[in-house]
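Topology and contacts: notes
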There are 2 protein chains.
Amino acid sequence: MPFQIAIGPNIRKSPFFDATVADGVASFSVYNHMLIPAHFGDPEGEYDRLTGGVVMWDVAAQRQVQLAGPDAGALAQYLTARDIRDTQRGQCKYVPLCDHDGRLINDPVLLKHADDKFWLSVADSDIALWASATAAERGLDVKVSEPDVSPLAVQGPRATPVIADMFGDWVRDLDYFWFREAELDGIPLIVARSGWSKQGGFELYLQDARRGTDLWNHVKAAGEPYDIGPGAPSDVERIESGLLSYGADADKDANPLELGLAKFVNLDCEDDFVGKAALKKIVADGVRRRRVGLILSGGRVPQNAHPYPVWLDGKKVGTMSERVYSPRLKKNIALALLEADISDDQQGLTVDTGNDPRNATIADLPFC
Amino acid sequence: MPFQIAIGPNIRKSPFFDATVADGVASFSVYNHMLIPAHFGDPEGEYDRLTGGVVMWDVAAQRQVQLAGPDAGALAQYLTARDIRDTQRGQCKYVPLCDHDGRLINDPVLLKHADDKFWLSVADSDIALWASATAAERGLDVKVSEPDVSPLAVQGPRATPVIADMFGDWVRDLDYFWFREAELDGIPLIVARSGWSKQGGFELYLQDARRGTDLWNHVKAAGEPYDIGPGAPSDVERIESGLLSYGADADKDANPLELGLAKFVNLDCEDDFVGKAALKKIVADGVRRRRVGLILSGGRVPQNAHPYPVWLDGKKVGTMSERVYSPRLKKNIALALLEADISDDQQGLTVDTGNDPRNATIADLPFC
């Protein structure tokens, strides 16, 4: 559906906006009230770079919520369902955030800078508002803000030499989900080994919005020998890899236990956190849904704009959130939330995609 | 800039989505994680209908945050900077919401259904998260939710006969900012005399998402004798009228006193509200900026994608949020936040719009 996007001052521009326009961005989405590139006119080539080479993404819309002050650690723990008390300086952790009813409201990466300074690198919801209300009402001595920080991701099996050429060989020794402060041409940065794919890579957290084009062009130049190109977070790769897309996969009632995030939820954490009591009750009552992969029958499916129901014997038993054709697997693959009592070998499932119903079988995540 | 919008399951579809596609929507924006039409291919004709006839808008993205339960009234008052204690059932009130630092975080319309049930019809930020955290941390007995409610606006000087033909002559007696429950062809609705323009009109709050296309088509049919057409909230009309666009005009530090909303802020309210102490301090220290209209010199300006600085003698003295060419006034008009000590007759102001600087003079709001 070739609709235009209205670009007005009500939607924020990334510091990399001008550079992405210069490099031919063709389609945008909106994330955290900011434009985020969706593709540069060649989605299949961009996927090939991600899975076989190296690609660069403007993911500035993955905004940081900073917790700073004497109670920053206490607030960080209270906001997250994961036990983060042993997190080290320079370490990242994937942390589900829940509301008081135990529903997932975001799934950021936490970055610990110091005992009194944390970032939450957030998915698409206004966590700064939620966190600041919580801090103020609890009388905590912590300032919640959105600092001038904008990630640029470099992803793919050839990402490491690009980043090593820019910053030095120390980046090769950076473990997955660790980060370090760095500088490049006077640009203040965080270099983190992370990113929203399973292809490996880095995120460069730009800390000066005025230098967006400079950083973009430095990466582009360093990546040229490795045939880098611009792209965007890939629906195909993330579904193949089973990564959660908060806005797409988690309906407003979904809790992290249904969504397959149980290993990131520590109900035995000594400290309280938002949603802990509700999640304990959900466990006691029995988790009612589970997140699964689906393989859909028939010819290549187009990407879907809406979620679709999953049917069994004329009864709705779940919701498919997103489907794609996987060029690697040569299959139609999808993610869904199904009733928990549907077994892995259930026959007769169908997904109603409007006027093109498909048979569905359950597959392990990640797809392989 | 003709970029496409990526339409995936991560961005919600309005109940009127299919109907707007059928009627030729050409451009979308995103608001509260939902697609909202920006225009239907004829922005000038849509403006003419709004100011001289009647137009219908899918504004489902103006979501409702419902406060329900014994403490709903206490929470509603605590969340809003306006004294709402005398609000009647069936009455709407425009209410600024602030954070604990007194910064504007939304400017919804409050609808009072009963002493224990309120809606906040919100601008583009996740107020449900903020409100639910506040309610839970204060131990209030109130449920915060987003109900199945989607407004469709009918705006313009010929809106009243369209709505009267649909619902009866009682709508002519509905005062501005009052509402009533109604039903049409079995579709449960709220009919409110309100809308984000100064042209008069109504908002029909659909209460059953499955009936979106039905409601759209009923309005279209009832409006046919009055030459109704589809459109969208108009940047031109709202700037002419001086209406605030929260996402565009309010930067992240702006408070309602700077934004010209002082008459909706009741610092002498007996009850406490979020941001009250901070706003009192801002008043004591002196409000540092003010919202003004600007008239820009030279030929017709295109709409801007970014905010731009306002300069005086080489020094930045403010920010222009949005500018348009007004066909009614035959002038370039804009909204800006300026330092409070810039007087109405200040000469020498310029707005730097990239490579096309314009002289600016201050004008009263609304423009006339």
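Keep in mind that what you see is a predicted model, and the values were worked out from it rather than measured.

**Brief notes about the interface of chain A and chain B**
- Across the contact, 46 residues belong to chain A and 46 residues belong to chain B.
- Buried surface at the junction of chain A and chain B, both sides included, amounts to about 4200 Å², of which 58% is carbon and sulfur.
- Of all residues in chain A, the largest losses of buried area upon contact with chain B belong to Phe3(A), Pro9(A) and Glu137(A), amounting jointly to 18% of the total for that side.
- Linking chain A to chain B there are 23 residue pairs in polar contact (both at pLDDT 80 or more).
- Listing elements by their share of the side of chain A that touches chain B, those giving two or more residues are strand E1 (4–5), helix H1 (17–22), strand E2 (27–31), helix H4 (127–137), helix H8 (246–249) and strand E19 (315–326) of chain A.
- When the residues that make up the side of chain A that touches chain B are grouped by side-chain class, the tally is 25 nonpolar, 13 polar and eight charged.
- Pairing of E1(A) with strand E2 (residues 27–31) of chain B involves two bridges; the strand directions are parallel.

**Details of the sheet that holds strand E6 (residues 92–94) of chain B**
Residue and element names in this part refer to chain B.
- Read from one edge of the open sheet, five strands run E6-E9-E10-E5-E11, paired in antiparallel fashion. Because the sheet does not close on itself, it has two edges, and the strands there are E6 and strand E11 (143–145). Between one strand and the next, the sheet's axes are offset by a mean angle of 20 degrees, whatever the strand orientation.
- Note: strand E9 (residues 109–114) against strand E10 (residues 117–121), five bridges, orientation antiparallel. When the sheet's bridge partners are listed, Val109 is paired in E10 with Ser121.
- Most of the contacts of helix H4 (residues 127–137) go to E11, to which it runs at about 170 degrees, and overall it touches strand E5 (64–68), E10 and E11.

**Looking at the relation of the copies chain A and chain B**
- Least-squares fitting of chain A to chain B yields an RMSD of 0.0 Å, with the transformation described by 0.0 Å of translation along the axis and a rotation of 180 degrees. Such a combination of rotation and displacement between the chain copies is what one expects of a two-fold axis.

**Concerning empty space enclosed by the protein**
- In total, this model carries one cavity of 30 Å³ or more according to the counting rule given.
- The volume enclosed by the largest cavity comes to roughly 80 Å³.
- Lining the largest cavity, in full, are Val30(A), Tyr31(A), Asn32(A), His33(A), Asp124(A), Asp126(A), Ile11(B), Val30(B), Tyr31(B), Asn32(B), His33(B) and Asp124(B).
- If you list the elements that add at least two residues to the lining of the largest cavity, you get E2 of chain A together with E2 of chain B.
- Partitioning the lining of the largest cavity into residue classes produces five nonpolar, four polar and three charged.

**Section: the environment of Val324(A)**
Residue and element names in this part refer to chain A.
- Tracing the backbone shows Val324 in strand E19.
- Accessibility expressed as a relative area gives 1% for Val324, which makes it buried.
- For the pair Val324 and Ala135, spaced 189 residues apart in sequence, the C-alpha to C-alpha distance is 41 Å.
- Among residues more than four places away in sequence, those in contact with Val324 are Asp235, Val236, Ile239, Val301, Gln303, Lys331, Asn332 and Ile333.

**As for the nonpolar core**
- Judged by nonpolar contacts, the single largest core of 96 residues is most densely connected at Phe167(A), Leu215(A), Phe167(B) and Leu215(B).
- Sequence-distant contacts of Phe167(B), that is, excluding residues within four places in its chain, are made with Ala182(B), Glu183(B), Leu184(B), Leu189(B), Val191(B) and Leu204(B).
- Judged by nonpolar contacts, the second largest core, of 48 residues, contains Ala76(A), Val95(A), Leu120(B) and Ile127(B).

**Quick word on helix H2 (residues 43–52) of chain A**
- Among the residues of H2(A), Gly45(A), Glu46(A), Tyr47(A) and Leu50(A) are the ones counted as buried.
- Tucked into the core, H2(A) has its buried residues touching strand E3 (34–39), strand E4 (55–58), strand E12 (150–155), strand E16 (229–231) and helix H7 (235–241) of chain A.

**Describing the pattern of salt bridges**
- Applying the stated criterion across every chain yields a total of 54 salt bridges over all chains.
- In this structure, the salt-bridge partner of Arg289(A) is Asp251(A), at a minimum N-O distance of 2.9 Å. Remark: Asp251(A) occurs in the loop between H8 and helix H9 (276–285) and Arg289(A) occurs in strand E17 (residues 289–296); sequence separation between them is 38 residues.
- The class of Asp251(A) is partly exposed, set by a relative accessible area of 32%.
- The closest approach of N and O atoms between Asp344(B) and Arg290(B), which form a salt bridge, is 2.9 Å. Taken together, the positions of Asp344(B) in the loop between strand E20 (331–339) and strand E21 (349–351) and Arg290(B) in strand E17 (residues 289–296) put the pair 54 residues apart, joining distant regions of the chain.

**Things to note about the pairing of strand E13 (residues 179–184) of chain A**
All names here are of chain A.
- Of the pairings in the sheet, the one linking E13 to strand E14 (residues 187–192) comprises six bridges and is antiparallel in character. By the bridge assignment for E14, Arg180 is matched with Val191.
- Hairpin connection, E13 to E14: the antiparallel pair is bridged by two residues, and Asp185 has positive phi, about 50 degrees.

**Considering the packing of aromatic side chains**
- Applying the stated criterion across every chain, the model contains 12 aromatic pairs over all chains.
- On the basis of an interplanar angle of 85 degrees and a centroid distance of 5.1 Å, the ring pair of Phe3(A) and Phe28(B) is categorised as edge-to-face. Placement of the pair is Phe3(A) in the segment before E1 and Phe28(B) in strand E2, with the two residues belonging to separate chains.
- Pairing Trp119(B) with Tyr205(B) gives two aromatic rings, centres 6.0 Å apart and planes at 35 degrees, and the pair type is tilted. Taken together, the positions of Trp119(B) in strand E10 and Tyr205(B) in strand E15 (residues 201–206) put the pair 86 residues apart, joining distant regions of the chain. Across this residue pair, the class does not change: Trp119(B) and Tyr205(B) are buried.
- Clustering of aromatic rings is evident, with ring pairs tying together Phe3(A), Phe17(B) and Phe28(B).
- Directly above the aromatic system of Tyr78(A) lies the positively charged group of Arg138(A), at a separation of 3.7 Å from the ring centroid.
- Sitting over the ring of Trp170(A), Arg180(A) keeps its end group 3.7 Å from the ring centre.

**Re the packing of helix H3 (residues 72–79) of chain B against H4(B)**
Residue and element names in this part refer to chain B.
- Packing of H3 against H4 leaves a shortest axis separation of 11 Å and a crossing angle of 120 degrees. Relative to H4, the element H3 is oriented oblique. Where H3 crosses over H4, the handedness of that crossing is right-handed. Counting all contacts with H3, which are made through Leu75, Tyr78 and Leu79, the residues of H4 involved are Trp130, Ala131, Thr134 and Ala135.
- For the contact of H3 with H4, the residue count by class is six nonpolar, one polar and no charged.

Analysis parameters
Sequence order as written defines residue numbering, which begins from 1 separately in each chain. Each chain gets a letter, beginning with A, and each ligand a number, beginning with 1, in the order they are written. It should be noted that, the model being predicted, local features are given only for residues of pLDDT at least 70 and side-chain atom pairs only at 80 or more, the latter also being counted only at that level, while totals for whole chains, interfaces and linings use all residues. Here the side-chain values reflect all heavy atoms present in the structure, with hydrogen atoms and water set aside. Throughout, a contact is declared for two residues whenever any of their heavy atoms are within 4.5 Å. The term buried area denotes the loss of accessible surface (1.4 Å probe radius) that occurs when two parts are joined, taken as the sum for both partners. In protein, a polar contact requires one atom able to donate a hydrogen and another able to accept it; more generally it is a pair of N or O atoms within 3.5 Å, and residues adjacent in sequence count only if both atoms are side-chain atoms. Strands are runs of DSSP state E lasting at least 2 residues, helices are runs of H or I lasting at least 4, and numbering of each runs from the N terminus. All amino acids are sorted into three groups, where Ala, Val, Leu, Ile, Met, Phe, Trp, Tyr, Cys and Pro are nonpolar, Asp, Glu, Lys and Arg are charged, and the leftover types, Gly among them, are polar. Whether two strands pair depends on DSSP finding at least two bridges between them. Inter-axis angles, ranging from 0 to 180 degrees, are taken between N-to-C directions of lines fitted to C-alpha atoms, where helices are fitted over the stretch in contact. Alignment of the copies relies on least squares applied to C-alpha atoms, considering only residues that score at least 70 for pLDDT in both. A cavity here means a set of 1 Å grid points, computed over protein atoms only, where a 1.4 Å probe fits but cannot escape. A pocket is an open set with protein on both sides within 12 Å along at least 5 of 7 lines, and lining residues have an atom within 4 Å of a point. Grid points are joined across faces, edges and corners, and a volume is the space filled by probe spheres set on the points. Residue exposure (1.4 Å probe, protein chains only): buried if accessible area is under 20% of the type maximum, exposed if over 50%, otherwise partly exposed. Residues grouped as a nonpolar core are buried Ala, Val, Leu, Ile, Met, Phe, Trp, Tyr and Cys residues, joined through side-chain atoms within 4.5 Å. For salt bridges, the criterion is a side-chain nitrogen of Lys or Arg within 4 Å of an Asp or Glu carboxyl oxygen. Within 6.5 Å between ring centres, the rings of Phe, Tyr and Trp (the latter by its six-membered ring) count as paired, and their orientation is classed by plane angle as stacked under 30 degrees, edge-to-face over 60, tilted in between. Look at NZ for Lys and CZ for Arg. If either is within 6 Å of the ring centre and within 35 degrees of the ring normal, a charge sits over the ring. Roughly parallel means an angle under 35 degrees; roughly antiparallel, over 145; roughly perpendicular, 65 to 115; everything else is oblique. A crossing counts as left-handed when the near helix is turned anticlockwise from the far one by less than a right angle, and as right-handed when that turn is clockwise.

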